[in-house]
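Structure at a glance
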Amino acid sequence: MAGEQPGPAPPSTQVGTPPSRVAPSTQVGTPPSRVAPSTQVGTPPSRVPPSTQVGTPPSRVPPGTPLGEKLSASVGIIAAMVLAVLVNLLVARHYRRWDWTQGGLYTLSDATVSTLRALEEPIRVYVLLSEGDPLTLSVRHLLDAYRAETSRIEVDVTDPDRRPAEFLAVQQRYGVVAGKTEDGRIVTDAAIIVARGDRPHFLTASDLVEVEDEDDLRARPRLEQALTGAIRSVLRSERPLVCFASGHGEKSVDVGGAGGLAALKDRLNKNNYEVVELGGGRGGHDHGDGDDDEEAGAAPKEPAPKEPAPEVDLDRCRVLVLAEPSQPVPPRDVARYRAFVERGGSALIAVGPVPDESDQRYVNLGLSGLLAAAGVELRSDFVFELDPKLRSTQGFGETFSPIVKPHPITEALVKAADLGLGPVLTVASSLAPTKSGPVAPAPLLVTSDRAFGMVDFFGWARDPSEPKPRDGDHPGPLTVAYAAELPKPAGSSAAHGPRVVVVSSPGVLYGANWQSPELRGTAVFVESALSWLAASPPMLDIPDKPAVTAGLRLSEDSLSGIFRYVIVYMPLAAAFLGLAVHLSRRGSERRRGGPDDRRGPGAPAGRGSPGGSEREGAP
């Protein structure tokens, strides 16, 4: 109508502003009822919350925490503290360690655990390795395992480079030899010192690690063997004397290799035994009588370039070892050895079938008098094991695994059997108890029922075939090892009587048993027998840990290959991968956006946008 002033446009028709964007409190002409009550002018006091009214008392103050809840919370806190203390006490009394290393590097063997728990006085271990030495961390972890078993192990880690004053005190006390390298580091001749009072035992780095292959840099850790052996060494006040008889075709204890006795001697020395050789005829001397010379009245020959055997009284020996004599033992030596046993000595006799020079019969070793003291006789036969479960897959059954019988000597073999290891014998004769022996010997190793002792071995050897028992052969089961403990001599104060172990296969003493892991069961049997004879603690038998690669040897070709991979191939691969990811993301963004994404933020909404249909129909 003409003359009328245009009124305000309705909110839904305001130009450029959608109705939903205008706040009710700011729209022109909004009635007072749209204003929030808390901001309306003249609001009566009854609309103000009671807690904010001036002068109004706080009638709804929240009450305090009930006494029951306070007591319950206090009791809970005290119970948690008591539980934490009890858990710590339980953990302290039942300390446990878990070894997740390959091969159980820090898992202690039964021999080590028994040695540690039997300690009656403190043992101090000085570690003279620098912090940067590769062995330092392994030694510390292993010593932590030792201290978890006993509180009598005291460890003193002395870094010669960082703690020179403490190292100087140790050096002056134990006479450690030290020097400096070109870069100023201190090196010593001892990596670890194990001491009981003023009695030390020194361990070098070569004692702790055995390098198997220098080309491949493979090393076998021997930390536990070295440490436990050193502890046993300082604990023993005396070294039992083990005497090996000689002069009857026996091998020398210095002969190494798979068929020598040097490995056994080394094991005895490391277990704190003293090993000597006895000459035949007189203790400590070789045969020197005229009837022992090759030619009567012949001029003496030049002595061999070897130190003479030490003069040792046989009565000083703790154990006499007769290891595979290949010649008849003179009656005087047999009488001397038997007298030694009857006076309280112990003996290990390892004999077997010995063919004569003509290969027609066995040599009569003349040991029947000595074996009779133990109530045992050696038969003239050759044992064949026909049970496929016990015999070797090679040969005719002359190599076999005997059945182990219960005895203090064979206790360690039970644990070895759990690992699939047992004694292995090669070339044996059978043993039998005598009818008039002083005691009944106890069998240690026996064959199966299917085994037999072939009497006419030389007739069979002329045309060997699969062995079968014949008339006159000794049927199984056959005993190949006996143990006997004789009555104590009159007036003896010893804890036990003389002890004798007889094994009819001398190969049990060969070095191969300590060099080959498959023959470890035989080594355990021999060591257990010697420990029983000497009345000493069991010898230290710690399985070897698996060999590990201690380093990396690189050739020129390997270095050039590494250069190509690191400098060329790997950066190119990373660049191609980054380019592929970039192109993939760009393609994904284009597919999601479509053509409308290129309008920009100020472009008007189309038909599919919210409010678009209203704008299209607006005048």
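Everything that follows concerns the structure shown earlier in this document.
The model shown is predicted, which means the values in this text are computed figures rather than measured ones.

How each quantity is defined
- Residues numbered from 1 in each chain as written.
- Predicted model: local features only at pLDDT ≥ 70, side-chain atom pairs only at ≥ 80, totals over all residues.
- Heavy atoms only, no water.
- Phe/Tyr/Trp six-rings, centres within 6.5 Å; stacked < 30°, edge-to-face > 60°.
- Helix = DSSP H or I, 4+ residues; strand = E, 2+ residues; numbered from the N terminus.
- Buried < 20%, exposed > 50% of the residue type's maximum accessible area, 1.4 Å probe, protein only.
- Expected span 1.5 Å × (residues − 1).
- Pairing = 2+ DSSP bridges.
- Core = buried A, V, L, I, M, F, W, Y, C linked by side-chain atoms within 4.5 Å.
- Contact = heavy atoms within 4.5 Å.

Comments concerning the packing of aromatic side chains
In total, this model carries 11 aromatic pairs according to the counting rule given. Between the aromatic rings of Phe382 and Phe457, the centroid separation amounts to 4.2 Å while the plane-to-plane angle is 15°, which identifies the pairing as stacked. Of the two residues, Phe382 sits in strand E14 (residues 382-384) while Phe457 sits in helix H11 (residues 457-461), which places them 75 residues apart along the sequence. Phe457 gets classed as buried once you look at its relative accessible area, which sits at 16%. Measuring from centroid to centroid gives 5.6 Å for Phe457 and Phe458, while their planes differ by 75°, and the two rings are edge-to-face.

Examining helix H13 (residues 520-534)
The terminal C-alpha atoms of H13 lie 21 Å apart, and with 15 residues this matches the ideal 21 Å at 1.5 Å per residue to within 8%. With 15 of its 15 residues buried, H13 lies for the most part within the structure. In the stretch just after H13, Ala535 is the one whose phi turns positive, near 55°.

Remarks on the pairing of strand E5 (residues 192-196)
Among the five residues in E5, five count as buried, and that is most of the element. Here E5 shows two buried faces, one formed by Ile192, Val194 and Arg196 and the other by Ile193 and Ala195. One ladder, built from four bridges, connects strand E1 (residues 123-127) with E5; its direction is antiparallel. Following the sheet pairing, Tyr126 is matched in E5 by Ile193. Note: E5 against strand E6 (residues 199-203), five bridges, orientation antiparallel. Bridged to Ile192 within E6 is Leu203.

Regarding the nonpolar core
Membership of the largest hydrophobic core comes to 37 residues, with the highest contact counts inside it found for Phe244, Val321, Val501, Leu509 and Phe525. A per-element tally of this core places H13 first, with eight residues. Ignoring sequence-local partners within four residues, the contact set of Leu509 consists of Gly260, Leu261, Leu264, Val321, Ala323, Leu348, Ala350, Trp514 and Val526. Val312, Leu370, Ala374 and Val502 belong to the second largest nonpolar core, which has 30 residues in total.

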